[in-house]
Amino acid sequence: MSDFSEEFTRPMTEDEQGETSVASGTGMHFPWLHKLVETVVIGGKKKKDFAQTTSACLRFIQEALLKHQWQEAAEYMHSYFQTLEDSDTYKKQAAPEIIWKLGSEILFYHPKSNVETFNTFADRMKNIGVLNYLKISLQHALYLVHHGMLEDANRNLTQAETWRYGEKSSSQEILINLVHAYKGLLQYYTWSKKKMELSKLDKDDYSYGTASRSMLSHSCKTSANLGTLIETPGVWDPFVKSYVEMLEFCGDQDRARKVLTNYAYDEKFPSNPNAHIYLYNFLKREKAPRAKLLSVLKILYQIVPSHKLMLEFHTLLKKSEKEEHHKLGLEVLFGVLDFAGCTKNVTAWKYLAKYLKQILIQNHLAWVQEEWNSRKNWWPGFHFSFFWAKSDWKEDTALACEKAFVAGILLGKGCRYFRYVSKQDHQVLRKKIKRMKKSVKKYNIVNPRL
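Predicted model only: the values in this text are computed from it and were never measured.

Draft legend 1. Layout of the overall build of the chain. From N to C terminus, the chain includes 24 helices and four strands. Within the chain, residue pairs in contact and separated by at least 24 positions form 59% of the contacts whose partners lie at least 6 positions apart.

Dropping the structure here:
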């Protein structure tokens, strides 16, 4: 093991604690730190003060971490180990978790750290902080996965599966389920690679049948590890996705639908946009009725009105026979373009330009005015300034034309954005600009002619 590993992971000796300066295995000394954290002067005598020492060390470690000063953080951490001997019972019990969290962060980024160092530190912390054994095992496994050591991570989780300490508590049960689930996720990774290999085989080939049966057997074992966790309220996106994919492979559509429905609608689970996205994609694969698809996307719209699926939601609403859906379709498009991340979405502007023309032809001017009234004070500067006209035309002429059409309808021909784009001499877009001018003259809501 390296000097760094030995220096960082071993506890301080009594001799080291009594030294007149804080030293490290790299030869760095901090005599000023000793004055601040090791002693206080009372009646001319030096008295060790654990509370002062540990709190000061903790502050220095936190500051070093914020500044990404990993070497200094390791130096301070060496002194902070003495908190394990604190006479305060509460602090002594909390110390192992604090040391683990800070130490693992340092070891993850320290330039002299390596997998061997991290493994040694993790194993020692598991023994010191028995109550944190499962948490440490989980984080240790994730560290190994990050370094591509999947077999070691799986072995680590297998050991944690059998660990028990005292009476089984509810928090302990959740952690054990997490251990099972992460092990299932590692098994899913192997399963998905086999699935990819299977897709390359000829279905009439004998080897395809053998591989397919092996996949079915493997998915049953893996899904058992994942299934228990996702019944517990929480956000379990990667586990749910993996579980549903295996259920679909096994042909258990009913179970997959039930899992996704509960994940999206069960009030015990926290609000989660992804839950509705997974359910929608599943129903879409099943070719579910439009009404079901709309009901899922309507909830997603209420949570994330700028999501990319909102354009799909608009398309479905437009195909509906209900007028209220057609009105909502306009609201959805305006809602998408309210967000800065969507201002360059040419598809959204194209949909809005086309839909505005369509609903104005159908004499629904009031719908447009209702949406525009709440935006007329900020959309002109947000979307239709002279600056954006020049910028959009330079970057994407198609986007500029769609926006200019919308600007002309909402603000009239006097809008600076519309005027700038309409004056451009562009051979390919000349006809489109001409049509745009005629449409704006006819359909603008500033001076409606309908």
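Draft legend 2. Seen up close, the environment of Leu-330. Within the secondary structure layout, Leu-330 lies in helix H17 (residues 323-336). Distance from Leu-330 to Leu-317, taken between C-alpha atoms, is 9.3 Å for residues 13 residues apart in sequence. Ignoring any residue separated from it by four or fewer positions in sequence, one finds Leu-330 in contact with Leu-352, Tyr-355, Leu-356, Ile-359, Trp-367, Val-368 and Glu-371.

Draft legend 3. Molecular detail of a positive patch on the surface. Side chains of Arg-290, Lys-318, Lys-319, Lys-350 and Lys-354 sit close together on the surface and give a patch of like positive charge. Those elements that place two or more of their residues in the positive patch are helix H16 (309-319) and helix H18 (346-361). Within the secondary structure, Arg-290 is located in helix H15 (residues 290-303). Classification of Arg-290 as partly exposed rests on a relative accessible area of 38%.

Draft legend 4. Geometry of helix H13 (residues 253-265). The terminal C-alpha atoms of H13 lie 18 Å apart, and with 13 residues this matches the ideal 18 Å at 1.5 Å per residue to within 8%. Buried within H13 are the following residues: Ala-256, Val-259, Leu-260, Tyr-263 and Ala-264. The buried residues of H13 occupy an angular sector of 125 degrees when the element is viewed end-on, so they sit on one face. The inward-facing, buried residues of H13 contact helix H12 (237-249) and helix H14 (273-285).

Draft legend 5. Broad picture of the packing of aromatic side chains. Applying the stated rule across the entire model yields 24 aromatic pairs. The rings of Phe-334, Trp-349, Trp-372, Trp-378, Trp-379, Phe-382, Phe-384 and Tyr-417 are connected pair by pair, giving a single aromatic cluster. Lys-126 extends its terminal NZ or CZ atom over the ring of Tyr-133, reaching a point 6.0 Å from the ring centre.

Draft legend 6. Representation of the packing of helix H21 (residues 386-395) against helix H22 (residues 397-411). Orientation of H21 relative to H22, taken along the N-to-C sense of each, is 140 degrees, at an axis distance of 5 Å. When the axis of H21 is compared with that of H22, the two are oblique. Listed contacts from H22 to Trp-388, Asp-392, Trp-393 and Glu-395 of H21 are Thr-397, Leu-399, Ala-400, Cys-401 and Lys-403.

Draft legend 7. Inspection of a nonpolar patch on the surface at higher detail. Together, Val-130, Leu-131 and Tyr-165 give the surface a local cluster of nonpolar side chains, amounting to about 290 Å² of exposed area. Along the polypeptide, Tyr-165 turns up in the loop between helix H9 (150-161) and helix H10 (170-199). Overall, the relative accessible area of 41% leaves Tyr-165 in the partly exposed class.

Draft legend 8. Local environment of helix H7 (residues 115-128). An ideal rise of 1.5 Å per residue puts 20 Å on 14 residues; H7 measures up with 20 Å between its terminal C-alpha atoms. Turning to H7, its buried residues number three or more, namely Val-115, Thr-117, Phe-118, Thr-120, Phe-121, Ala-122, Met-125 and Lys-126. One side-chain oxygen of the residue at the start of H7 lies 3.2 Å from the amide nitrogen of Glu-116, identifying that residue as Asn-114.

Draft legend 9. Main features of the packing of H13 against H14. Where H13 meets H14, the axes come as close as 8 Å, and the angle between the chain directions of the two elements is 150 degrees. One way to sum up the angle between H13 and H14 is to call them roughly antiparallel. Handedness of the crossing formed by H13 with H14: left-handed. Where H13 abuts H14, its residues Gln-253, Ala-256, Arg-257, Leu-260, Thr-261, Tyr-263, Ala-264 and Tyr-265 lie against Ala-275, His-276, Tyr-278, Leu-279 and Phe-282. Residue composition of the contact of H13 with H14, grouped by class: nine nonpolar, three polar and one charged.

Draft legend 10. Up close: the nonpolar core. If you look at the biggest cluster of nonpolar residues, it comprises 120 residues, and the most contacted ones within it are Trp-236, Phe-313, Leu-330, Leu-352, Trp-379, Phe-384 and Tyr-417. Beyond its immediate sequence surroundings of up to four residues, Trp-236 is in contact with Leu-178, Leu-229, Ile-230, Tyr-263 and Phe-269.

Draft legend 11. A look at the pattern of salt bridges. A full pass over the atoms with the stated rule returns 18 salt bridges. The partner of Glu-63 in a salt bridge is Lys-67, and the shortest N-O contact between them spans 3.0 Å. Judged by relative accessible area, which is 39%, Glu-63 ranks as partly exposed. When the shortest N-O distance is used, the salt bridge between Lys-284 and Glu-312 registers 2.6 Å. Here Glu-312 lies in helix H16 and Lys-284 lies in helix H14, a separation of 28 residues in the sequence. Given the relative accessible area of 42%, Lys-284 is considered partly exposed. By relative accessible area, Glu-312 is classed as partly exposed at 26%. Through salt bridges with shared partners, a single network forms among Lys-344, Asp-392, Glu-395 and Lys-403.

Draft legend 12. Quick peek at unusual backbone geometry. Despite not being glycine, His-68 has its phi angle at roughly 60 degrees, a positive value. With respect to the helices and strands, His-68 occurs in the loop between helix H4 (50-66) and helix H5 (70-80). For His-68, a relative accessible area of 53% translates into the label exposed. Not every positive phi belongs to a glycine, and Asn-363 is a case in point at roughly 65 degrees. In this structure Asn-363 comes out as exposed when scored by relative accessible area, which is 58%.

The rules behind these values
Residues numbered from 1 in each chain as written. Predicted model: local features only at pLDDT ≥ 70, side-chain atom pairs only at ≥ 80, totals over all residues. Heavy atoms only, no water. Helix = DSSP H or I, 4+ residues; strand = E, 2+ residues; numbered from the N terminus. Contact = heavy atoms within 4.5 Å. Patch = residues over 30% accessible without salt bridge, like charges linked within 9 Å, V, L, I, M, F, W, Y side chains within 5 Å. Areas by Shrake-Rupley, 256 points an atom, 1.4 Å probe, with all protein chains shown as cover. Salt bridge = Lys/Arg side-chain N within 4 Å of Asp/Glu carboxyl O. Lys, Arg positive; Asp, Glu negative; His and termini not counted. Charge placed at Lys NZ, Arg CZ, Asp CG, Glu CD. Buried < 20%, exposed > 50% of the residue type's maximum accessible area, 1.4 Å probe, protein only. Expected span 1.5 Å × (residues − 1). Arc of directions from axis to C-beta. Phe/Tyr/Trp six-rings, centres within 6.5 Å; stacked < 30°, edge-to-face > 60°. Lys NZ or Arg CZ within 6 Å of the ring centre and 35° of its normal. Axes fitted to C-alpha atoms, helices over the stretch in contact; angles between N-to-C directions. Parallel < 35°, antiparallel > 145°, perpendicular 65-115°, else oblique. Polar contact = N/O pair within 3.5 Å; in protein donor to acceptor, adjacent residues only side chain to side chain. Left-handed = near helix turned anticlockwise from the far one by under 90°. Nonpolar A, V, L, I, M, F, W, Y, C, P; charged D, E, K, R; others polar. Core = buried A, V, L, I, M, F, W, Y, C linked by side-chain atoms within 4.5 Å.

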